[in-house]
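If you want the building blocks of each chain, they are given just below.
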Amino acid sequence: MSYILKPKVHHPSLPKNELGLTRRDYEGTLTTLCAGCGHDSVTAAIIQAFWELSIEPYKVAKLSGIGCSSKTPAYFLREAHGFNSVHGRMPAIATGANAANRNLMLIGISGDGDSLSIGLGQLCHIMRRNVNLLYVLENNGVYGLTKGQFSASADPGSTSKKGEINTMQCIDGVLMALSLGATFVARSFSGDKEQLVPILKAGLMHKGLAFIDVISPCVTFNDHEGSTKGYAYTREHQIELVSADFVPEFREITTEYPAGAVQRVVMHDGSSVHLRKLAEDYDPTDRDGAYSHIREHQARGEVVTGLLYVDPDSRDMIEQCEALDEPLYNLAFEGLCPGSAELEKLQLRFR
Amino acid sequence: MTSGVNEFAFKIATPNGTGSASANGLIMQTIFRMGIPVTGKNLFPSNIQGLPTWYEIRVNKHGYTARTPVFDLMVAMNPQTYEKDVAEVRSGGWLLYDSTWPFDERLLRKDVNYIGIPISQMVNTSFKGVRERILMKNIAYAGALAALLGMDTDVVRGLTQEKFAKKPALLASNDKAIDLGYNYAVAHFECPLPIRLERMDETKDCILIDGNTSAALGCVYAGATVGAWYPITPSTSMMEGFKGFCERFRRDPETKKNRYVILQAEDELAAIGMVIGASWAGARAFTPTSGPGISLMGEFLGLAYYAEVPAVVFDVQRTGPSTGMPTRTQQGDFLSAAFASHGDTKHVCLYPCDPREAFEFAVAAFDLAERFQTPVLVLTDLDIGMNDWMIPKLKWDDAYKPDRGKVLTPADLEEIKGFYRYLGTDGDAIPARTLPGESPKGAYFTRGSGHNKFGGYTEDGDEYQEVVDRIAVKIRGAGKAVPAPVIKKQPGAKLGLVTVGGCHAACMEAIDILAADGTPVDYMRVRGFPFGDEVREFLEAHDTNFVVEQNRDAQMRTLLSLETGMPLNRLESVLYYSGYPMSALHVVAGVKPSAARVKVGVPA
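Everything quoted here is computed from the prediction, not taken from an experiment. (Residues numbered from 1 in each chain as written. Chains lettered and ligands numbered in written order. Predicted model: local features only at pLDDT ≥ 70, side-chain atom pairs only at ≥ 80, totals over all residues.)

Chemist: Go over the overall build of chain A, please, and point to the residues and values.
Modeler: Counting secondary structure elements, chain A contains 11 helices and 12 strands. Residue burial in chain A is summarised as follows: out of 351 residues, 52% are buried. Sequence-distant contacts in chain A: of pairs separated by 6 or more residues, those separated by 24 or more amount to 72%. (Helix = DSSP H or I, 4+ residues; strand = E, 2+ residues; numbered from the N terminus. Buried ≥ 20, exposed ≤ 12 C-beta atoms within 10 Å, placed from the backbone. Contact = placed C-beta atoms within 7 Å.)

As structure tokens, then:
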């Protein structure tokens with residue numbers, strides 16, 4: 001039962017962040033997912049990222065659609081509002097919430113069924129709008145809750161637990177994001193916390209839609225031989241292209257990074273992402289280059305991971321709407337209602 | 001129906017996309033400014049250019065504003081539809097046509113007076129350029145009508161001067177075209193005709209406005225800050241109106257920053273999702289749509305109902321089913337709106353009858369949605385939404401304070417021991433909510449999956465029922481808060497005449513006709529759902545109630561029977577669903593034979 005709270009008693013020696021909070025303060029209810037589920041590792045990485053950034057949990061809203069992945073917002077940040085909406089429609093909820101309260105920090109958790117099938121349109125349009133949201137797609141290539149059907153991200157030739165072979169092309173969220181103009185595109189692996197946490201942190205601080213496709217194996221239905229979204233396959237075929245380190249403005253220590261190999265991308269608030277290029281010819285601010293690089297590696301059966309593309313000049317939806325700096329939901333009524341005298345004047349137009 | 005001074009109707013037939021709207025608007029406004037009650041109905045195709053379009057204008061000194069299907073004069077400017085247009089003129093009426101080309105003799109009727117004016121010839125001689133010639137043909141027929149109907153030429157000139165104050169070239173062209181039509185008519189025909197205008201003083205406290213515009217204005221006055229939409233006829237002009245008003249009232253003159261956000265969604269599913277997301281986060285948010293949009297929004301509306309999130313939806317109804325006739329009116333969504341979504345759902349619905357109520361109910365919708373934490377659907381229709389109605393000026397009470405419902409602030413949360421989202425123990429079955437981002441003590445998990453009163457996930461039958469039973473009580477309570485029905489009784493009346501929305505004008509006129517004919521009826525117009533007790537009491541007080549509505553399947557009758565327990569044999573249907581607005585004649589024709597059959601006072 002996902003509403004059972006974990007005990008709140010903390011070990012006194014747990015490390016604390018700048019707010020004096022421990023990682024336990026960023027947890028939620030106990031997971032109800034299968035033991036070993038990749039999604040639980042992603043949840044742990046999310047907890048770590050929020051903790052490291054010293055974000056007050058209640059200033060966040062956690063949004064999701066329907067599916068195994070969409071259950072996970074209950075498992076982190078218990079002091080944040082959560083919204084488990086309808087299948088494939090988390091982006092619309094996020095868009096509305098962002099319009100109402102631009103100060104609300106939004107994290108959306110989705111899966112490959114939720115994002116690449118029923119919610120494909122909404123995913124495309126939230127990218128197009130560049131809503132200020134960290135969008136985590138927990139990608140396991142399979143429908144878990146309905147017991148093992150292929151999802152749209154299943155690779156051609158991969159097999160289901162029952163031995164069926166997928167003959168259809170897969171929809172690659174990362175390539176799609178690049179072609180749709182997404183301003184922050186990353187791919188990672190749930191089993192690679194070292195890579196995932198900094199990417200999540202950078203994504204949280206990105207102004208605009210940060211899309212992270214996390215390969216997150218389904219231990220029950222898609223972790224067998226023949227699966228291309230299992231632990232073994234991913235570990236073997238993962239190629240880290242760009243390693244990201246997120247450095248908040250006030251903590252910048254550039255000396256830790258070897259000059260030359262590091263590309264510093266300054267974010268809207270002055271903090272920066274340091275990208276260590278592992279491939280010589282890779283430029284993470286070159287959208288077309290990122291696309292072809294991923295395709296080249298895919299042809300060789302390799303899964304490219306890291307922060308693959310970032311647009312440091314991203315303009316998010318609220319900026320494009322030219323809305324007030326203050327959140328709209330909190331504006332005083334007097335500033336919204338024109339009043340009777342204006343109504344009288346306005347009606348001359350209708351005579 | 002009698003015809004004469006300040007009591008007649010005429011119809012203008014043109015091809016779509018020729019710019020006739022501006023000429024028709026000029027005629028309407030002139031009559032209105034002459035102080036004479038007037039109403040206009042635009043019958044247009046789902047097309048940009050070429051297909052037939054009609055504009056009907058009814059002038060009525062008694063103030064009857066419903067559509068009339070009887071036309072004293074036809075302005076036949078579209079040869080494509082001559083045959084139909086000739087047939088629609090009442091016997092003894094007039095037909096104005098462009099005599100540049102000969103009129104097909106087979107279409108001549110002996111009982112109609114033909115007024116041939118060589119409009120194209122005159123306009124082509126006086127104007128150059130294809131576009132201007134097309135536009136000025138319309139203005140020329142307006143000029144001819146000014147003479148034939150006795151319009152006050154000072155008023156006409158005043159209007160063109162206002163409209164083209166900053167475009168002197170256009171003003172000159174318009175005035176010239178008006179003169180062409182006017183002078184020809186005066187020179188060749190006895191002007192004015194027996195159907196003609198004489199100044200009155202009945203419109204000075206009124207405006208001419210369409211319901212999409214007034215509903216949009218209502219959203220601005222209610223303090224809505226987020227509008228999400230997917231363009232769909234006939235609701236589109238509502239968001240355009242909202243945008244226009246916001247640019248005027250909600251844009252900071254210095255910073256140019258907006259106190260609103262408008263989101264054009266990828267579809268209606270996203271549009272309602274955005275509204276729910278924004279409302280959940282504390283903004284007043286709305287979406288305008290039409291029937292097909294309501295179908296698509298079903299799943300999300302069920303979520304908002306069950307998770308108790310406010311949402312305001314405007315359904316500008318059009319002719320269904322399916323794509324139906326997008327530019328024709330109907331009241332076909334009563335059932336789909338009231339019960340949108342799977343499972344046990346029931347939504348608060350409001351039914352304005354004209355643009356004035358569209359404005360008032362728009363404001364009420366936000367109050368109800370936030371107070372009851374549930375979707376509220378405002379059902380207008382194409383006729384209310386897109387046609388210009390003469391209504392009393394809109395009024396605003398500056399003492400109005402929005403009802404934001406039970407929203408706990410961080411300070412409130414400090415006062416209480418623990419916050420649980422779905423308790424609802426205040427007696428009204430409405431729970432308190434919190435907004436995201438405000439306090440760690442207010443956090444809860446919003447979900448459409450089974451939940452208990454603490455907001456926790458549940459698959460326990462008792463816990464589940466406890467919540468849905470409370471919601472049922474809450475929604476029932478909304479029946480006392482929606483606008484009460486309008487009830488008008490007549491001495492000696494035994495029959496009930498029940499209607500809803502835009503049928504109001506036709507019914508008010510029909511009641512007078514029926515009364516004069518010896519069949520007085522008591523009248524009730526329902527304005528909100530769930531129905532309050534007055535609705536049931538009215539129905540019970542009459543052995544036979546005629547339910548007048550604009551759909552094939554008598555949806556309001558079904559809803560009334562379902563919700564009040566009134567047996568169907570005491571609810572007789574009067575239906576009109578061709579896609580045109582209802583007229584009094586349809587009501588009378590529906591009531592009279594049945595009224596005779598049921599023998600007043602004896603149950604049918």
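Chemist: Describe the packing of helix H3 (residues 90-100) of chain A against helix H5 (residues 120-129) of chain A, and please don't skip the residues or the numbers.
Modeler: Residue and element names in this part refer to chain A. Where H3 meets H5, the closest approach of the two axes is 8 Å, and the angle between their N-to-C directions is 30 degrees. The angle between the axes of H3 and H5 places the two elements in the roughly parallel class. Contacts between H3 and H5 pair Pro91, Ala92, Ala94 and Thr95 from the former with Gln122, Leu123, His125, Ile126 and Arg129 from the latter. Its residues placed into classes, the contact of H3 with H5 shows five nonpolar, three polar and one charged. (Axes fitted to C-alpha atoms, helices over the stretch in contact; angles between N-to-C directions. Parallel < 35°, antiparallel > 145°, perpendicular 65-115°, else oblique. Nonpolar A, V, L, I, M, F, W, Y, C, P; charged D, E, K, R; others polar.)

Chemist: I'd love a proper account of the interface of chain B and chain A, names of residues and values included.
Modeler: Each partner contributes residues to the interface: chain B has 54 residues there, and chain A has 52 residues. For the side of chain B that touches chain A, the class distribution of residues is 32 nonpolar, 12 polar and 10 charged. The pairing of strand E2 (residues 81-84) of chain A with strand E15 (residues 445-447) of chain B spans three bridges and is parallel. What sits directly across from Asn84(A), in E15(B), is Arg447(B). (Pairing = 2+ DSSP bridges.)

Chemist: Tell me about the domain arrangement of chain B, residues and numbers included.
Modeler: Residues and elements named next belong to chain B. Taken domain by domain, chain B comprises domain 1 (7-188), domain 2 (209-392), domain 3 (410-478) and domain 4 (486-597). A separation of 34 Å is found between the C-alpha centroids of domain 1 and domain 2. On the domain 2 side, the residues contacting the 12 residues of domain 1 number eight residues. Looking at the side of domain 1 that touches domain 2, the elements that each hand over two or more residues are helix H1 (20-33) and strand E2 (38-43). Looking at the side of domain 1 that touches domain 2 element by element, the count peaks at five residues for E2. Its residues assigned to classes, the side of domain 1 that touches domain 2 shows six nonpolar, five polar and one charged. (Domains from an automatic or database assignment.)

Chemist: How would you summarise the nonpolar core if you had to cite specific residues and measurements?
Modeler: One finds Leu308(A) and Ala365(B) to be the most contacted residues of the largest nonpolar core, which totals 210 residues. With 11 residues, the top contributor of residues to this core is helix H12 (residues 355-372) of chain B. Non-local contacts of Ala365(B), meaning those with residues more than four positions away in its chain, are made with Val312(B), Leu350(B), Val376(B) and Val378(B). Grouped together as the second largest cluster of nonpolar side chains are 66 residues, Ile27(B), Ile36(B), Leu135(B) and Leu197(B) included. (Core = buried A, V, L, I, M, F, W, Y, C linked by C-beta atoms within 7 Å.)

Chemist: Lay out helix H9 (residues 287-299) of chain A with the relevant residues and their values.
Modeler: Residues and elements named next belong to chain A. Between its first and last C-alpha, H9 extends 19 Å over 13 residues, near the 18 Å set by a 1.5 Å rise per residue. When we look at burial in H9, the residues that qualify are Ala290, His293 and Ile294. Buried residues along H9 cover an arc of 95 degrees about the axis, so they all sit on one side. Opposite the buried face of H9, at more than 90 degrees from it, the exposed residues are Asp288, Ser292, Arg295, Glu296 and Ala299. Backbone geometry just after H9 places Gly301 at a positive phi near 80 degrees. (Expected span 1.5 Å × (residues − 1). Arc of directions from axis to C-beta.)

Chemist: Give me the lowdown on unusual backbone geometry, citing residues and values where you can.
Modeler: Residue and element names in this part refer to chain B. The amide bond that connects Thr233 to the next residue, Pro234, takes the cis arrangement and shows omega of 5 degrees. Summarising the element assignment, Pro234 is placed in the loop between strand E8 (226-229) and helix H8 (236-249). Put simply, Phe529 and Pro530 share a cis peptide bond, and its omega is 0 degrees. Inspection of the secondary structure assignment puts Pro530 in the loop between strand E19 (528-529) and helix H17 (533-540). The phi angle at Lys256 is positive, at roughly 65 degrees, despite the residue not being glycine. Assignment of secondary structure puts Lys256 in the loop between H8 and strand E9 (261-264). Positive phi values are uncommon outside glycine, yet Ser341 reaches one of about 100 degrees. Tracing the chain through its elements places Ser341 in the loop between helix H11 (334-338) and strand E12 (348-350). Given 21 C-beta atoms within 10 Å, Ser341 falls into the buried group.

Chemist: Residue-level account of the sheet that holds strand E3 (residues 52-60) of chain B, with values.
Modeler: Residues and elements named next belong to chain B. As summarised here, the arrangement of the six strands in space is E2-E3-E1-E4-E5-E6, forming an open sheet in which the pairing is mixed. Edge positions in the sheet fall to E2 and strand E6 (113-117), since each has one partner strand and no second. The sheet shows a mean angle of 15 degrees between the axes of neighbouring strands, direction not considered. Two elements, E2 and E3, share six bridges in a ladder whose sense is antiparallel. If you follow Gly40 over to E3, its bridge partner there is Ile57.

Chemist: Describe the sheet that holds strand E10 (residues 285-289) of chain B, naming the residues involved and giving the relevant values.
Modeler: Residues and elements named next belong to chain B. Spatially, the seven strands line up as an open sheet ordered E9-E8-E10-E11-E13-E12-E19, and their pairing is mixed. At either end of the open sheet lies a strand with only one pairing partner, and these are E9 and E19. Note that E12 and strand E13 (residues 375-381) share three bridges and pair parallel. Residue pairing in the sheet places Cys349 in a bridge with Leu377 of E13.

Chemist: Quick one: what's the story with the pairing of E8(B), residue by residue and with numbers?
Modeler: Residues and elements named next belong to chain B. Every second residue of E8 is oriented toward a common face, with Val226 and Ala228 on one face and Gly227 and Trp229 on the other, all of them buried. Bridge analysis of E8 against E9 gives four bridges, and the strand direction is parallel. Paired with Val226 across the bridge in E9 is Val261. Handedness of the crossover joining E8 and E9 through H8: right-handed. (Right-handed = clockwise from strand over helix to strand, strands pointing away.)

Chemist: A description of helix H15 (residues 461-478) of chain B should follow, citing residues and the corresponding values.
Modeler: Residues and elements named next belong to chain B. Given a rise of 1.5 Å per residue, 18 residues ought to cover 26 Å, and the 26 Å separating the end C-alpha atoms of H15 matches this to within 8%. Residues of H15 that are buried include every one of Val467, Ile471 and Ala478, and no others. For H15, the arc enclosing every buried residue in end-on projection is 35 degrees, short of the 170-degree limit, so these residues lie on one face. Those residues of H15 that are exposed and aimed more than 90 degrees away from the buried face are Gly461, Asp462, Gln465, Asp469 and Arg476.

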